[in-house]
Amino acid sequence: MTNSLSLKEAQKAILLSQGIHNEHKLGKGKSASNKVIKALNYVQIDSISVVERAHHHSIWNRAENYQPAHIEQLLEDKQIFEYWSHAAAYLPMADYRFSLPRKNVIANGDSHWFKVDKKDMAAVLDRIKVDGPLRAKDFNDPRKTKNGWWDWKPAKKALEQLFMEGELMAVKRQGFQKVYDLTERVLPSNIDTSTPSEAEYFQHLVVNYLNANALGTTEQITYLLKGLKAPVKKYCQQMVEQGLLITVTVNNQTYFALPSINKLLKQKLTRKKVKILSPFDNLLIQRKRIKTLFDYDYQIECYVPAAKRKVGYFSLPLLWGSKFSGRMDVKMDRKFGILNILNLHLETDNADEFIVDLKSTLDKFLAFNKGSAINVVKISSNNQQLSKSKIKGFTAILIA
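Summarised in this report is the structure supplied together with it. (Residues numbered from 1 in each chain as written. Predicted model: local features only at pLDDT ≥ 70, side-chain atom pairs only at ≥ 80, totals over all residues. Heavy atoms only, no water.)

**Examining the overall build of the protein chain**
- Looking only at helices and strands, the protein chain features 15 helices and 15 strands.
- A globule of 400 residues ought to have a C-alpha radius of gyration of about 21 Å, and the protein chain, at 23 Å, matches this closely.
- Taken along the three principal axes of its C-alpha coordinates, the protein chain extends 70 × 60 × 40 Å.
- For the protein chain, with 400 residues in total, the buried portion stands at 56%.
- Across the protein chain, contacts joining residues at least 24 apart in sequence account for 65% of those joining residues at least 6 apart.
- Total accessible area on the protein chain stands at roughly 19500 Å², and carbon and sulfur atoms take up 49% of it.
- Taken as two groups, the 60 positive and 40 negative side-chain charges of the protein chain have centres that lie 4 Å from each other. (Helix = DSSP H or I, 4+ residues; strand = E, 2+ residues; numbered from the N terminus. Rg over C-alpha atoms; globule rule 2.2 N^0.38 Å. Buried < 20%, exposed > 50% of the residue type's maximum accessible area, 1.4 Å probe, protein only. Contact = heavy atoms within 4.5 Å. Areas by Shrake-Rupley, 256 points an atom, 1.4 Å probe, with all protein chains shown as cover. Lys, Arg positive; Asp, Glu negative; His and termini not counted. Charge placed at Lys NZ, Arg CZ, Asp CG, Glu CD.)

As structure tokens, this is what we get:
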């Protein structure tokens, strides 16, 4: 039997599963941050630091009193580890064994980014065995010293290959560079290191995805996982037959969901709070999915030539209750503590009400970025022609 959900019901279930607007439920501090990563399955790491980096930003939106130091503490406590999800990410240490299928495939010859050099890999591994945790920059360029025979680029390639194969792990980051050590010296002694069976791996993918996202197609569940779409679809159908999954339709599209989705829909979801999201937030990292289910056509424009940008270099999605109501191009001036809103682009008919709700979140976002003042450069809108007086009024609210 297939259940039918309205678009509003689907949106509500997704936002509740994602922990959006529910940060008070997880408690506070490092423990809450750890719960967020467990609930989401991963948090993407990104190097762009126009405002606080994506991994911090995504957790901040879900964990009350989040501090960037929590990531370092959780790594040190061996509660999380760094590896690859659809991109570089922090993952729960309890899920370590489910990283092994990818590691085994790469170790057995599947390419990751570049051609493997076994000689470089052996040399790098031997050095770390003796000297302990090292960064790529710790490997010398032979043009400058006689102590090393490789330059840093081949060493970095070797380190990354060993990392992807599972021989090395990142114990922390310094200056955003990974610090690598032997996996055997990083893993907690109680962690299961057995490679999961195909059925265990598929169940992990399916159940964890649906717990974090409420509903999904096999394309979404296997996002950027090569060669898994067809076998995972077959496995999902078996789970439906066993009563472990149900199917739901939203706007004539069929999705898989856990039976518990019906209980989820009985929970409350705020309709007033604004969330300033990272472009790499788990909620909207699959752009096609967010367009289908939220009618929000989002593109991060830092990869778009400047002349073709519509909003700005680093526009942040603005979620108002269950509706995406705009995007905001921002840049933090850390020297002077000013959060510059280069372009607040509104996509709602209720701009006056939205601005008031945005202001409350914006002040918290300013504090999160260790700023002291807000500067508004531009306000634009899709839905109405904003008069100079209206823009002046909105600006006054936001900078107050």
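So, next bit.
**Let's talk about the side chain of Asp 46**
- The topology assignment puts Asp 46 in the loop between strand E2 (43-44) and helix H3 (54-60).
- Here Asp 46 occupies a buried position and makes no salt bridge, while the nearest side chain of opposite charge, Arg 53, is found at 6.9 Å.
- One polar contact links the side chain of Asp 46 to the main-chain amide nitrogen of Ile 48, over a distance of 3.0 Å.
- Aside from chain neighbours lying at most four places away, what touches Asp 46 is Arg 53, Ala 54, His 55, Phe 176, Phe 280 and Tyr 303. (Salt bridge = Lys/Arg side-chain N within 4 Å of Asp/Glu carboxyl O. Polar contact = N/O pair within 3.5 Å; in protein donor to acceptor, adjacent residues only side chain to side chain.)

**Here we look at the pairing of strand E13 (residues 338-346)**
- Buried residues dominate E13, accounting for seven of its nine residues.
- Where strand E12 (residues 323-333) folds back onto E13 in an antiparallel hairpin, the turn is made up of four residues, including Gly 337, whose phi is positive at roughly 70°.
- Running through helix H14 (residues 351-368), the crossover from E13 to the neighbouring parallel element strand E14 (residues 373-376) is right-handed.
- Pairing geometry for E13 and strand E15 (residues 379-381), over three bridges, is parallel. (Pairing = 2+ DSSP bridges. Right-handed = clockwise from strand over helix to strand, strands pointing away.)

**Brief notes about the pairing of E14**
- Side chains Ile 374 and Val 376 project from E14 onto a buried face, and the interleaved Ala 373 and Asn 375 project onto a face without burial.
- Of the strand pairs in this sheet, E13 and E14 are connected by four bridges, and their pairing is parallel. Of the residues in E14, the one forming a bridge with Ile 338 is Ala 373.

**Brief notes about the side chain of Asn 369**
- By the element assignment, Asn 369 lies in the loop between H14 and E14.
- Classification of Asn 369 as buried rests on a relative accessible area of 7%.
- A polar contact of 2.7 Å, which involves the side chain of Asn 369, links it to the backbone nitrogen of Glu 52.
- Among the polar contacts made by the side chain of Asn 369, one reaches the main-chain carbonyl oxygen of Phe 365 at a distance of 3.0 Å.
- What Asn 369 contacts, discounting residues up to four positions off in sequence, is Val 51, Glu 52 and Met 332.

**Section: the packing of helix H1 (residues 7-18) against helix H9 (residues 198-213)**
- Their axes nearest at 6 Å, the elements H1 and H9 cross at an angle of 105°. One finds that H1 runs roughly perpendicular with respect to H9. Residue-level inspection shows Ile 14, Ser 17 and Gln 18 of H1 in contact with H9, the latter providing Asn 211, Ala 212 and Asn 213.
- Residues that form the contact of H1 with H9 fall into these classes: two nonpolar, four polar and no charged. (Axes fitted to C-alpha atoms, helices over the stretch in contact; angles between N-to-C directions. Parallel < 35°, antiparallel > 145°, perpendicular 65-115°, else oblique. Nonpolar A, V, L, I, M, F, W, Y, C, P; charged D, E, K, R; others polar.)

**Digging into the nonpolar core**
- Ranked by size, the top nonpolar core spans 109 residues in total, and within it Ile 128, Leu 215, Leu 283, Phe 324, Leu 344 and Leu 346 carry the most contacts.
- Ranked by residues supplied to this core, first place goes to H14 with eight residues.
- If near-sequence neighbours (up to four positions away) are discounted, Ile 128 is found in contact with Leu 134, Phe 139, Leu 159, Leu 168, Tyr 180, Asp 181, Leu 182 and Arg 185.
- Counting 18 residues, the second largest nonpolar core, distinct from the first, contains Tyr 201, Val 206, Ile 221 and Leu 245. (Core = buried A, V, L, I, M, F, W, Y, C linked by side-chain atoms within 4.5 Å.)

**Some thoughts on the sheet that holds E2**
- The three strands lie next to each other as E2-E4-E3, forming an open sheet whose pairing is antiparallel. Here the strands that pair on one side only, and so sit at the sheet edges, are E2 and strand E3 (80-84).
- Where E3 meets strand E4 (residues 88-92), five bridges bridge the pair, whose relative direction is antiparallel. Note that in E4 the partner of Trp 84 across the bridge is Ala 88.

**Thoughts on the pattern of salt bridges**
- One pass over the full model with this rule turns up 16 salt bridges.
- For Arg 173, the salt bridge is made with Glu 82, and the minimal N-O distance between the two is 2.5 Å. Note that Arg 173 is positioned in strand E5 (residues 168-174) and Glu 82 in strand E3, a separation of 91 residues in sequence.
- One salt bridge connects Lys 272 with Asp 357, and the closest N-O pair in it is separated by 3.4 Å. On the criterion of sequence distance, the pair formed by Lys 272 in the loop between helix H12 (261-264) and strand E10 (274-276) and Asp 357 in helix H14 is long-range, its members being 85 residues apart.
- Its relative accessible area of 15% is what places Asp 357 among the buried residues.
- Several salt bridges share partner residues, and in doing so they unite Glu 82, Glu 160, Arg 173 and Lys 178 into one network.

**Section: the packing of aromatic side chains**
- Overall, the coordinates contain twelve aromatic pairs when judged by the stated rule.
- Ring centres of Trp 60 and Phe 365 lie 5.7 Å apart, and the angle between their planes is 55°; on these two criteria the pair is classed as tilted. In this pair, Trp 60 sits in helix H3 while Phe 365 sits in helix H14, placing the two residues 305 residues apart along the sequence.
- For Trp 60, a relative accessible area of 15% puts it in the buried group.
- Centroid distance Trp 320 to Phe 354: 5.2 Å. Interplanar angle 65°. Geometry classified as edge-to-face. Placement of the pair is Trp 320 in strand E11 (residues 315-320) and Phe 354 in helix H14, with a sequence separation of 34 residues. The same class applies to Trp 320 and to Phe 354, which are both buried.
- Through a chain of ring-to-ring contacts, the aromatic side chains of Phe 294, Tyr 296, Tyr 298 and Phe 324 assemble into a single cluster.
- Sitting over the face of the ring of Phe 176, Arg 53 holds its NZ or CZ atom 4.1 Å from the ring centroid. (Phe/Tyr/Trp six-rings, centres within 6.5 Å; stacked < 30°, edge-to-face > 60°. Lys NZ or Arg CZ within 6 Å of the ring centre and 35° of its normal.)

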